[in-house]
Amino acid sequence: MTWFWSNLDLLWDRTLDHLILSVPPILLSFLIAVPLGWLANRYRAGRGVILTASGLLYAIPSLPLFFVIPAIVGTSLRSPLNLVIALTIYGVALMVRVVADGLASVDKDVRQSAVAVGYSGWSIFWQVELPLAGPVLLAGLRVVAVSTVSLATVGAVIGAQSLGSLFTDGFQRGIQAEIIAGIVLTVALALLLDGALVLLGRVLLPWTRLAATDRRAVRVARIAEASA
Amino acid sequence: MNLFVDAVNWILDPANFAGPGGIPARTIEHLVFTLVAVLMASVIAIPVGFLIGHTGRGRSLAVATSGGLRAIPTLGLLTLVALWVGIGLGAPYVALTVLAIPPILAGAYAGFEAIDRSVIDSARSVGMSESQIVGTVEIPLGLPLLIAGIRSATLQVVATATLAAYVADVGLGRFLFAGLKTRDYAEMLGGSLLVILLALVLEGIFTVVQRLVVPRGVASQRPPVDRARSARPVPGIDPAITKGTH
Amino acid sequence: MIEFRSVSKQFPDGTLAVDDFSLTLPSRQTTVLVGSSGSGKTTLLRMINRMVDPSSGTIEIDGADIAQLEPVPLRRGIGYVMQDSGLLPHRTVIDNVATVPLLRGVPRKKARAEALTLLDTVGLDQTLADRYPSQLSGGQQQRVGVARGLAVNPNILLMDEPFGAVDPIVRAELQQELIRLQSELGKTVVFVTHDIEEAFLLGDQVVILRDGGRIAQVGAPAEILANPADDFVASFVGADRGKRALHLERRGDSDLLLDSEGRLAGVLVEPRQTAHSPDPQAPR
């Protein structure tokens, strides 16, 4: 505990570093996954290609990916951009399937009736499909947020500063308290972002407070993840 | 692209094939390491998962525990355990087994829960004993999700085993850290490509196995999304079954 | 003979599904429990093979208190057919039908041979034997369900809304099939439904249930229709309206039957013998 209180500045700096590394990938993966997931849901051929590719990307271990990206993109190994790209890749790989399944889970009758009352193609997507898939997307995004925060720590072993630096530093100097502080802060940050997404969901998707929709969403998301 | 040529040359260099630190030895080490960790986790997680899935009890506890475990950064766990038990293979084994338990556990009970309640209800009403229900109905029908869980666990362990080279002299990850130390990018990249290849090969094997274990007659590989007549409470979000952090 | 004696069932959440229910179900006849949801009809049915145990009271089968019997062997001796067919999706039709005989240790070959015969009995083509349930239509699945229920040649057959999930045309077909089967096999059938038409069609004895498994009226369909015990029963069976309340009108040479709205429902003719009379009061 003494270590904790005498190093508050360090902890605060690393937390900020960590936020800068992990928040952009969460947002980017959502923005990229929605159109890809839409394609995968809309076109049969696209579905196979996109879902297989995302499955394979997800299978790639993170540390090797951190080494490979600079060779492809030309970023320097320790650059935060390098990590942001890698974490975005994982986020997209996970979200694409969730988006595709979420859109597929929208009740056919609801879609039909939207067409029947005169919604046009794009307005069906924006005003019917996307909102109704919302709970599923939210559940997926929460998973992305938690795992991104956790994954970002790995960058520390190649020298990218984050809460993970507390692990490498604590390990090399034999300071247990530093590692424990790092774990606690990482988990806390993950829960914080998760909680923020839940709140966002309450504001944007007020009807999901009805248990039935939410359960369906959770189930779809869970199954999507299970077979990801 | 020149970097990749260098990396491939590094991989193909006969000098890197010899001895206990050579590519074949490291690959086998990495595989054995992964296998043992997944096996230990399975021995613990599968019986417990079946029990939870069959009885429906202890589920929320399992979800909470495995959800919490997933948020824990693997590097933190590795370094912390290494400080406790010292540098060597002990720390990574403990850490990797702990990390592999949640996805396997979740796969085991989710597999049971995804079975249509009416199937189990009718198996019971025609006079199957509980052990017959588990053995002839729940295990075969739940197998695809269990394998999916083992697949997640395996890929996660392969990834984390790479990271384990940071605290122990083990596996393909050594090439990454050795290259990092000597600023030999060909070695880092070559080692990375080997790990990726290993992961993709395992992924491919599991894809095939997962297809094979779907019982004939069960058309869809996925459980039905809507179980309108589910007798048990609908499961809440289950983060544990996702692939965890690498 | 199945006897319920002051049976009550309170579920752990506090709902009183069945409240002091007593009834005798005669052997070799069809008893239909009919009521809306919440009437406890399925709970009553599931007590007979101990899928649900009563909180108080006793149930006897041929004089033996079933609480004294082990549930698993008890269930193996009672046929059970449910709405979702409940077939094992990973086993072929023939293996599904043979499930219980195999559990009881009948040799595989014999069990399969008997299962094939049963497919005939329920009117299924034997070429379907090696299909999986998901490859069958809903009506076919229900027939397999009935065959499975009959596989151990039980004295008692429990049927929980077995035709509730199929379309009306198939349902009518299956109902006729059940009437035929019952005339050949003479089982003690306990049938649960919420459809009063189905109850009158199939039941020798019809039990109309209110909430909480309280009996509103028991009797043969004709008795209930002719003398509804109270307004609840009258309205439930529709005795006061529509095609259940017909009146006679003479027009020209013929006697016409008109319903309560004055719409034509039929003509009055001399009774004659028919092979498969859908008339619930026809002897069978």
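For clarity, every value in this text was computed on a predicted model and none was experimentally measured. (Residues numbered from 1 in each chain as written. Chains lettered and ligands numbered in written order. Predicted model: local features only at pLDDT ≥ 70, side-chain atom pairs only at ≥ 80, totals over all residues. Heavy atoms only, no water.)

**A closer look at the overall build of chain B**
And then number 1: When its secondary structure is counted, chain B shows nine helices and zero strands.
And then number 2: Counting helices and strands in the order they occur from the N terminus, chain B gives α-α-α-α-α-α-α-α-α.
And then number 3: If you take every contact in chain B between residues at least 6 apart in sequence, the share linking residues at least 24 apart comes to 78%.
And then number 4: Carbon and sulfur atoms form 70% of the exposed surface of chain B, whose accessible area is close to 9500 Å². (Helix = DSSP H or I, 4+ residues; strand = E, 2+ residues; numbered from the N terminus. Contact = heavy atoms within 4.5 Å. Areas by Shrake-Rupley, 256 points an atom, 1.4 Å probe, with all protein chains shown as cover.)

**Topic: the UniProt feature "transmembrane region" (unreviewed entry) in chain A**
All names here are of chain A.
And then number 1: On the UniProt side, "transmembrane region" (unreviewed entry) is annotated at positions that read residues 20–41, 48–73, 79–100, 112–128, 140–167 and 179–200 here.
And then number 2: Helix makes up 54% of residues 140–167 and strand 0%. Its end C-alpha atoms lie 28 Å apart.
And then number 3: Strand forms 0% of residues 179–200 and helix 100%; the C-alpha atoms that close the span are 31 Å apart. (UniProt positions renumbered as here; feature names shortened; annotations may be inferred.)

**Remarks on the UniProt feature "transmembrane region" (unreviewed entry) in chain B**
Residues and elements named next belong to chain B.
And then number 1: In this structure's numbering, the residues bearing the UniProt feature "transmembrane region" (unreviewed entry) are residues 31–55, 67–87, 93–112, 157–177 and 189–209.
And then number 2: Secondary structure within residues 67–87 divides into 81% helix and 0% strand; the distance between the first and last C-alpha atoms comes to 28 Å.
And then number 3: Structurally, residues 189–209 comprises 100% helix and 0% strand, and the distance from its first C-alpha atom to its last is 30 Å.

**Some thoughts on the interface of chain C and chain B**
And then number 1: Contact residues are listed per partner, giving 22 residues for chain C and 20 residues for chain B.
And then number 2: Together chain C and chain B conceal approximately 1900 Å² of surface at their shared face, both sides included; 59% is due to carbon and sulfur atoms.
And then number 3: Scanning the region where chain C abuts chain B turns up six residue pairs in polar contact (both at pLDDT 80 or more).
And then number 4: Those elements that place two or more of their residues in the side of chain C that touches chain B are α2 (71–76), β6 (78–82) and α4 (99–103) of chain C.
And then number 5: Taken together, the residues that form the side of chain C that touches chain B break down as 10 nonpolar, six polar and six charged. (Buried area = accessible area lost by both parts, 1.4 Å probe. Polar contact = N/O pair within 3.5 Å; in protein donor to acceptor, adjacent residues only side chain to side chain. Nonpolar A, V, L, I, M, F, W, Y, C, P; charged D, E, K, R; others polar.)

**Details of the UniProt feature "domain: ABC transmembrane type-1" (unreviewed entry) in chain B**
And then number 1: Sequence positions flagged by UniProt for "domain: ABC transmembrane type-1" (unreviewed entry) are, in local numbering, residues 27–206 of chain B.
And then number 2: Taken end to end, residues 27–206 of chain B is 86% helix and 0% strand, and its two terminal C-alpha atoms sit 19 Å from one another.

**Notes on helix α3 (residues 44–59) of chain A**
Residues and elements named next belong to chain A.
And then number 1: In a regular helix each residue adds 1.5 Å, so 16 residues correspond to 22 Å; α3 covers 23 Å between its end C-alpha atoms and thus fits that length.
And then number 2: Among all positions in α3, only I50, L51, S54, G55, Y58 and A59 are buried. Down the axis, α3 shows its buried residues gathered within 165° of arc, on one side only. Exposed and oriented more than 90 degrees from the buried face of α3 are A45 and V49. (Expected span 1.5 Å × (residues − 1). Buried < 20%, exposed > 50% of the residue type's maximum accessible area, 1.4 Å probe, protein only. Arc of directions from axis to C-beta.)

**Observations regarding helix α8 (residues 173–182) of chain B**
And then number 1: Looking only at α8 of chain B, the buried set comprises G173, F175, L176, F177, G179 and L180 of chain B.
And then number 2: Close packing links the buried residues of α8 of chain B with α4 (62–73) of chain A together with α1 (2–12), α2 (23–55), α7 (130–164) and α9 (185–213) of chain B.
And then number 3: Phi turns positive, to about 55°, at R183 of chain B, one or two residues after α8 of chain B.

**Remarks on a nonpolar patch on the surface**
And then number 1: On the surface, L197, V201, I205 and V209 of chain B cluster together into a nonpolar patch covering about 320 Å² of accessible area.
And then number 2: Following the sequence through the fold, L197 of chain B ends up in helix α9. (Patch = residues over 30% accessible without salt bridge, like charges linked within 9 Å, V, L, I, M, F, W, Y side chains within 5 Å. Salt bridge = Lys/Arg side-chain N within 4 Å of Asp/Glu carboxyl O.)

**Some points on the sheet that holds strand β8 (residues 188–193) of chain C**
Residue and element names in this part refer to chain C.
And then number 1: Ordered in space as β6-β7-β8-β3-β9-β10, the six strands form an open sheet in which the pairing is mixed. Two strands bound the open sheet, and with one partner strand each, they are β6 and β10 (215–219). Ignoring which end each strand starts from, the neighbouring axes of this sheet average 15° apart.
And then number 2: Two strands pair when backbone bridges link them, and strand β9 (residues 205–209) and β10 are joined in this way by four bridges, in the antiparallel orientation. Across the sheet, L209 pairs through a bridge with I215, a residue of β10.
And then number 3: Along the sheet face, helix α1 (residues 41–48) touches β3 (30–34), β6, β7 (156–160), β8 and β9 and points at about 155° away from the line of β8. (Pairing = 2+ DSSP bridges. Axes fitted to C-alpha atoms, helices over the stretch in contact; angles between N-to-C directions.)

**Some words on the sheet that holds strand β4 (residues 56–61) of chain C**
Residues and elements named next belong to chain C.
And then number 1: Strands sit in the order β2-β1-β4-β5 across an open sheet of four strands; the sheet is antiparallel. Taken across any chain shown, the strands that pair with only one partner, and hence form the sheet edges, are β2 (16–25) and β5 (64–65).
And then number 2: Two strands pair when backbone bridges link them, and β4 and β5 are joined in this way by two bridges, in the antiparallel orientation. Each residue of the ladder has a partner; that of I61, found in β5, is A64.
And then number 3: With respect to the sheet, α1 is in contact with β1 (2–10), β2 and β4, its orientation differing from that of β1 by roughly 120°.

**With respect to the nonpolar core**
And then number 1: Counting residues in hydrophobic clusters, the biggest one holds 80 residues, and the most contacted among them are L63, F67, V157 and I158 of chain A together with I104 and Y109 of chain B.
And then number 2: Broken down by element, this core gets its largest block of residues, 12 residues, from helix α5 (residues 90–113) of chain B.
And then number 3: Non-local contacts of I158 of chain A, meaning those with residues more than four positions away in its chain, are made with L63, F66, F67, L77 and R78 of chain A together with L180 of chain B.
And then number 4: If you look at the next biggest cluster of nonpolar residues, it comprises 43 residues, including L87, L124, L174 and F200 of chain C. (Core = buried A, V, L, I, M, F, W, Y, C linked by side-chain atoms within 4.5 Å.)

**A look at the packing of α7 of chain B against α9 of chain B**
All names here are of chain B.
And then number 1: Following both chains from N to C, one finds α7 and α9 inclined at 175°, their axes separated by 10 Å at the closest point. With respect to α9, the element α7 is oriented roughly antiparallel. Along the contact surface, α7 presents L143, P144, I147, A148, I150, R151, T154, L155, V158 and T162, while α9 presents V195, L198, A199, L202, E203, F206, T207, V209, Q210 and V213.
And then number 2: Within the contact of α7 with α9, the residues separate by chemical class into 14 nonpolar, four polar and two charged. (Parallel < 35°, antiparallel > 145°, perpendicular 65-115°, else oblique.)

**A short note on the pattern of salt bridges**
Residues and elements named next belong to chain C.
And then number 1: Scanning the entire structure with this criterion turns up 27 salt bridges over all chains.
And then number 2: For D95, the salt bridge goes to R112, with nearest N and O atoms at 3.2 Å. Here D95, found in helix α3 (residues 93–97), pairs with R112, found in helix α5 (residues 108–121); they are 17 residues apart in sequence, far enough to count as distant.
And then number 3: Given the relative accessible area of 14%, D95 is considered buried.
And then number 4: One salt-bridge network, in which partners are shared between bridges, spans R143, E173, E177, R180 and E184.

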